[in-house]
Each structure stands twice: as structure tokens, then as C-alpha cells.
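Residue-level listing of the chains:
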Amino acid sequence: MGLLVFRPVAHAPGAGSTACTPEPVTIVADPRIAPTLTQLVEQLPDTLCADPGVSAAASADVVADVTRAKGRGLGGLVPDLWVPASWLWLDRAEADPEGATRLAEGATILASTPVVLAADQAVAEAAGWQDSPPTWGGLVTGSSEGTRVGLTDLTTDAAALAAASAAGATTTARLQDLAGTVVVARSPRLTGLDLLEADTADVVPSTEQEIAEADATGLATPVVAEYDESLGRLDFPLAEVAPLDGQLAPAVRRVRDALLALARGQAGQRLLAQGGFRDPDGVAAAAMATGNGLDPSAPAGESLHDSAGLVQVAASWPQASRRSRLLVAVDLSGSMGELLPSGTQTRADAAQAGLRALVDASPPDSEMGVWGFTTLVGNGDYEVLTPLGPLDRRIGTQTRRQELLGQIGSLDAIPGGSTSLYDTVAAAYDAASRQYAFGKYNALVVLTDGRNEDPGSLTLAQLLDRLQARFDGTRPVRIVTIAYGGDADTATLRAIADATGGTSFTALTGAQIGQTFAALAAQE
């Protein structure tokens, strides 16, 4: 998980204390607060008989480690104490049975910071925001015309999740609407300030603490804070994490209690204020910075919890924010009418269900088209059923989404039809490559339960040569193959996908087919 480890401080017994061997205590903290927490740890008394060390790790990464069952995969450090960037991360971890077992009750807030809007200073001054500050709701509904609003990854940034909640984006449909109006960060590690620095956005959700830190370190693009109480605040709770086996060591509780006492004292509050943080109740100390539009007297907003189902909102974000351009080629040969091993659903029925879910969940400005292929349709290889284009664009009296959903219901197996795989892939890849859409995931998706059965077609070698010659690394169109049932030529389908750096899936049951389409929706 890429831990940034700060120098641990060993605390030996003080004068007159009973000699002991200091017990190690691991503390993992969100990168926002880890440097300040390290300074706090250095101020702990020497009488704790403990050796605490602070490491920095993204809160989302620690959630994955805290909720990972023993023996399941390779994880990072499961700490004794954890300081995430918001209660939301504790809520997310506790929603998992493993996390609920490991996280002890009684987490207590160390510090807080309001979620604010970070704005390019030049843009803010030109818009007159110093006299009439913008609201987040107004920005995402377009009241500040021409302003580029950015949003980071909701699965890794609690400030972005707070902004989504404030915009009322608590369903997949509302998330899709929000994602369609903002500049979406395509990397989960990008911060809002990164988007401003890269000049891809003019205003982004951030925190008071991050802007204070940027003011201290300096940014190439000067930023100012714009306050909107509806965005709430991030709290930094200190939580105990039970080990994989056994109970917490006594030293862990001693370090926890000492840290909380220090953070509430005058010296601790001074260190937190120097790091840009407010106290647990959202009250700023007199030492807080006031440059770059920072206003320590501004209300901090409400603490964020999962009361609005924000954990589920975060889980829906990857698909809601993803923009794709998918041409889907569906095998209509006779064998698609055979039952899957479950005996309750044909291969064609399962393909229809998976495609329908994919179309329903795709944002309006994603693009999609469907071809059917077998030797008994169209030109003897394939038939264009719905041309590739934006889902919200009208085709006659209905949208392409409505057209696709209607076509999907008719993707039945054609008795006696053979699989014209190679010629269809070649033609469909040419079609998918003609008008590459920048900023979107471009792919040809091939669903089949068999192998090439067209004796007059291209050979496999000819097809692979053609695909490799057509592939353009600067305008990459991937091929994703999905093999249904045990008769599919999985080795050939894998070679076809590999020719474009794509992915090959195999699904033998209806449940696996559903999982495959969910995985397809997450491709980047």
C-alpha cells in the first residue's frame, strides 16, 4: 500500500520509574495528518513504556487492510491505532464483518477541518467571489457559466464524497448526472489541488487544512478558499484496531489515552493549528493561518457519517463516473440457445441480462452500439443492430439507450447458425477504431460461446496481424472477449484480446456472467 514511514520515537522510562522494555505501537494515519501526528507523538511522556511509530497511508487503503480476513491475500500494515481522514472511513470499515470485529468501540476525534472549495485565485477574482462567494450547489448546476468544476475520486477522497452528498448525489442516477457536469479526476491518487495545478479545473472540493498547507509550501497556481457550510467537515478519529490474533497490548491504550490528552491540551492544540487543523468541535485556534481566503471564524459544518448511505455512493462512483465507448458484438449462433450448467437460463438469456444491466448503468454521454454475428445474418458474418453512438442521442423517436434495450431483448440464438468470429472481429474493430473518443474507454466487446466456424474467413494468424497493425497506442481501442460455457475457444479469445492489450473473461455460470459485466464496467 506504499507506506510513508515517519521516524518512530522510543520512549524509555523516566527518572524514578520502574524499568521496562518499551512495547512497539504502530500508528497509521491519513497523509493529511501524519506529519502533525508525528510531532504529537514526539511530545508524549517517557513514562508510557511504549515505542510508538507513525506511518502515513491513504485511508481507503487502510480500510482494505482492516477488512481483509486472515489468510486472504497480501495486505499492508494492520495498525494498533488508526487515524483516518473522516468518520466515513470507519463507517466503511465497520460495514464489513471483519472490520466490525477488528475495530474497537470508542473512537475519539483528534482534530477536524471544514470541507471548502479551493478556487484558482485568478478565476475567483475575475468572478467577484470575494464579494459574492459561490455555493457548491450553484456551481454544479451551472450558475457560474464557464467555470470548470473538478471532482476527485469518491472512493479515495472523503472531501469529494462530502461534496457529492451536498449535491444530493445519493443514487447512481444522480451520481451519473453529477459526473456529467464536472471534470472527473481519472486517477484515485489525484487531489483537488492537483486538478488546479494541472489547469484542468477552476474550482474543486478540498479542505481548509489542505489550503493552509498549500499556502505554507507554495503552489504554482495560487488558490483561495471559498466556504460553504453545506459541505460539512472532516474529522480525524483515533481508533483502536484489534490484532489478527489476541487482544490489544496494554501499551496501545496508554499511547491512545496520552495522545488524546495531549491533543486537547495547549501544546497539542498549537501543533494541530500549525498543521492547519481545528479542534474536535470544529473551532479554530488563534494560531490558525488566515491567508488565501482562509477564515478560521467560518462555521465548520456538520461531521460526516454514513447516515445518507455514503459508503454505497462511493461504491457506485467508478461506474457512474466512467465514460466509455463500447461496440458490443454478440454471438447469435445456435449454441447460444443451450442451457448454462445451472439449467435455468440459456447462454443467450444470460448475455441479455448482463448487457441490459450494463446499458442501464452507463452514463448518458457514454457511447454504445450492438452487432449480432452468425453465418445466417446480414452479410453472412454480422449485422449492425444499433450503430455506435451516445446513449442520450435520439434515433428516430427514441434514444439510443431505449433502442439498445429493445434490441437486447431480441438477441436470441438462431438455430443452425454458425460462429463467424474472425471476420466479425476484424470488421467490428475497424468500425470501433474509426472515430476514437478521447477521454473515454474505447473498446470492442466480443461475447461468444464457441469458436470460429466460418471456413471461408480470415485465419487466426491473419486476424491477429490485422489487429496488431491497426492498433494505435496513442488512440487505444481494446478488445474485451467474454467466453460463455465450456465449449468456447478460450485460448484463441485470449490471443485476440492480447493483440490490443485488452482483457479476456471466462464465465461458466449465470452468476459469473453477471460478475463479468460488473468487471467490464470497471475497465479503464
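Look above for the structure.
The structure contained in this document is the topic of the report that follows. Since the model is a prediction, treat every value here as computed from it, not as a measurement.

Conventions adopted
- Within each chain, residues carry numbers counting from 1 in the order of the written sequence.
- Under the rules for a predicted model, residues below a pLDDT of 70 receive no local features and side-chain atom pairs below 80 are neither given nor counted, while totals for whole chains, interfaces and linings still include all residues.
- Water and hydrogen atoms were dropped before computing side-chain values, which therefore reflect all heavy atoms in the structure.
- Note on conventions: DSSP H or I runs of at least 4 residues are helices, E runs of at least 2 residues are strands, and numbering of each starts at the N terminus.
- The classification of residues rests on relative accessible area computed with a 1.4 Å probe and restricted to protein chains. Under 20% of the type maximum is buried, over 50% is exposed, and intermediate values are partly exposed.
- The contact rule is simple, with two residues in contact once any of their heavy atoms fall within 4.5 Å.
- Method for areas: the Shrake-Rupley scheme with a 1.4 Å probe, in which residue coverage is limited to the protein chains shown.
- Any Phe, Tyr or Trp ring, taking Trp's six-membered ring, that has another such ring centre within 6.5 Å forms a pair; planes under 30 degrees apart are called stacked, those over 60 apart edge-to-face, and the others tilted.
- Any Lys or Arg side-chain nitrogen located within 4 Å of an Asp or Glu carboxyl oxygen qualifies as a salt bridge.
- By definition, disulfides here are pairs of cysteine sulfur atoms that lie within 2.5 Å.
- For two strands to be treated as a pair, DSSP must find no fewer than two bridges joining them.
- Between N-to-C directions, angles cover 0 to 180 degrees, with each direction set by a line fitted to C-alpha atoms, over the stretch in contact for helices.
- Polar contact criterion, stated in full: a pair of N or O atoms within 3.5 Å, where within protein one must be able to donate a hydrogen and the other to accept it, and residues adjacent in sequence count only if both atoms are side-chain atoms.
- What the arc covers is the set of directions going from the helix axis to the C-beta atoms.

### Some remarks on the overall build of the protein
Turning to step 1, where the next piece is worked out: Broken down by element type, the protein carries 19 helices and 18 strands.
Turning to step 2, where the next piece is worked out: Buried positions account for 52% of the 524 residues belonging to the protein.
Turning to step 3, where the next piece is worked out: The long-range share in the protein, meaning contacts at least 24 apart out of those at least 6 apart in sequence, stands at 77%.
Turning to step 4, where the next piece is worked out: For the protein, the exposed area adds up to about 21,300 Å²; of that, 50% sits on carbon and sulfur atoms.

### A closer look at unusual backbone geometry
Turning to step 1, where the next piece is worked out: For C49, which is not a glycine, the phi torsion comes out positive at approximately 55°.
Turning to step 2, where the next piece is worked out: Looking at the secondary structure, you find C49 in the loop between α1 (34–42) and β3 (50–56).
Turning to step 3, where the next piece is worked out: Positive phi, normally seen in glycine, also occurs at D199, with a value near 60°.
Turning to step 4, where the next piece is worked out: Among the residues examined, D199 registers a relative accessible area of 47% and is labelled partly exposed.

### As for the packing of aromatic side chains
The geometry of an aromatic ring pair is captured by the separation of the ring centres together with the interplanar angle, meaning the angle of the planes.
Turning to step 1, where the next piece is worked out: By the definition in use, this model includes two aromatic pairs.
Turning to step 2, where the next piece is worked out: For the ring pair F236 and F277, a centre distance of 5.2 Å and an interplane angle of 85° mean the geometry is edge-to-face. Placement of the pair is F236 in strand β10 (residues 233–240) and F277 in the loop between α12 (266–274) and α13 (310–321), with a sequence separation of 41 residues. Here F236 and F277 have matching classes, each one buried.
Turning to step 3, where the next piece is worked out: Here the aromatic rings of W371 and Y382 are separated by 4.5 Å at their centres, their planes lie at 15°, and the arrangement is stacked. Residue W371 is found in strand β12 (residues 367–373), and its partner Y382 is found in strand β13 (residues 382–390); the two are separated by eleven residues along the sequence.

### What about the pattern of salt bridges?
Turning to step 1, where the next piece is worked out: Taken as a whole, this structure holds 19 salt bridges when the rule is applied.
Turning to step 2, where the next piece is worked out: Among the ionic pairs, E23 bridges to R254, the shortest N-O distance being 3.7 Å. Taken together, the residues E23 in strand β2 (residues 23–29) and R254 in helix α11 (residues 250–264) connect sequence positions 231 residues apart.
Turning to step 3, where the next piece is worked out: Judged by its relative accessible area of 29%, R254 falls in the partly exposed class.
Turning to step 4, where the next piece is worked out: Here R32 and D30 are joined by a salt bridge, their closest N and O atoms 3.1 Å apart.

### Regarding the state of the cysteines
Turning to step 1, where the next piece is worked out: Tallied over the full model, the rule gives one disulfide.
Turning to step 2, where the next piece is worked out: What pairs with C20 in a disulfide is C49, and their sulfur atoms sit 1.8 Å apart. With C20 in the loop between β1 (4–5) and β2 and C49 in the loop between α1 and β3, the pair connects residues that are 29 residues apart, well separated along the chain.

### Notes on the sheet that holds strand β17 (residues 478–484)
Turning to step 1, where the next piece is worked out: Spatially, β13-β12-β11-β16-β17-β18 is the arrangement adopted by the six strands of the open sheet, whose pairing is mixed. Here the strands that pair on one side only, and so sit at the sheet edges, are β13 and β18 (503–507). Neighbour-to-neighbour, the strand axes of this sheet turn through a mean angle of 15°, independent of strand direction.
Turning to step 2, where the next piece is worked out: Sheet strands in contact with helix α18 (residues 490–498) are β16 (441–448), β17 and β18, and its direction is about 165° off that of β17.

### Quick look at the side chain of D235
Turning to step 1, where the next piece is worked out: Here D235 is to be found in strand β10.
Turning to step 2, where the next piece is worked out: According to the relative accessible area criterion, D235 is buried, its value standing at 1%.
Turning to step 3, where the next piece is worked out: Side chain to side chain, D235 and S303 meet in a polar contact 2.3 Å long.
Turning to step 4, where the next piece is worked out: When residues no more than four places from it in sequence are discounted, the contact partners of D235 are P84, A85, S86, W87, I109, A111, S112, P280 and S303.

### Quick look at the environment of E105
Turning to step 1, where the next piece is worked out: For E105, the position within the fold is in the loop between α4 (97–102) and β5 (108–120).
Turning to step 2, where the next piece is worked out: Taking relative accessible area as the criterion, E105 reaches 78% and is therefore assigned exposed.
Turning to step 3, where the next piece is worked out: Measuring from C-alpha to C-alpha, the distance between E105 and E240 comes to 7.9 Å, with 135 residues separating the pair along the chain.

### Re helix α17 (residues 460–470)
Turning to step 1, where the next piece is worked out: For α17, the full list of buried residues reads L463, L464 and L467. Relative to the axis of α17, the buried residues are bounded by an arc of 95° and lie together on one face. Turned more than 90 degrees from where α17 packs its buried face, D465 and A469 sit exposed.

### Digging into the environment of S433
Turning to step 1, where the next piece is worked out: In this fold, S433 is placed in helix α16 (residues 421–434).
Turning to step 2, where the next piece is worked out: Discounting residues that sit within four places of it in the chain, S433 has contacts with R470 and V477.

Honestly, that's just the spatial picture; any functional story needs more than this.
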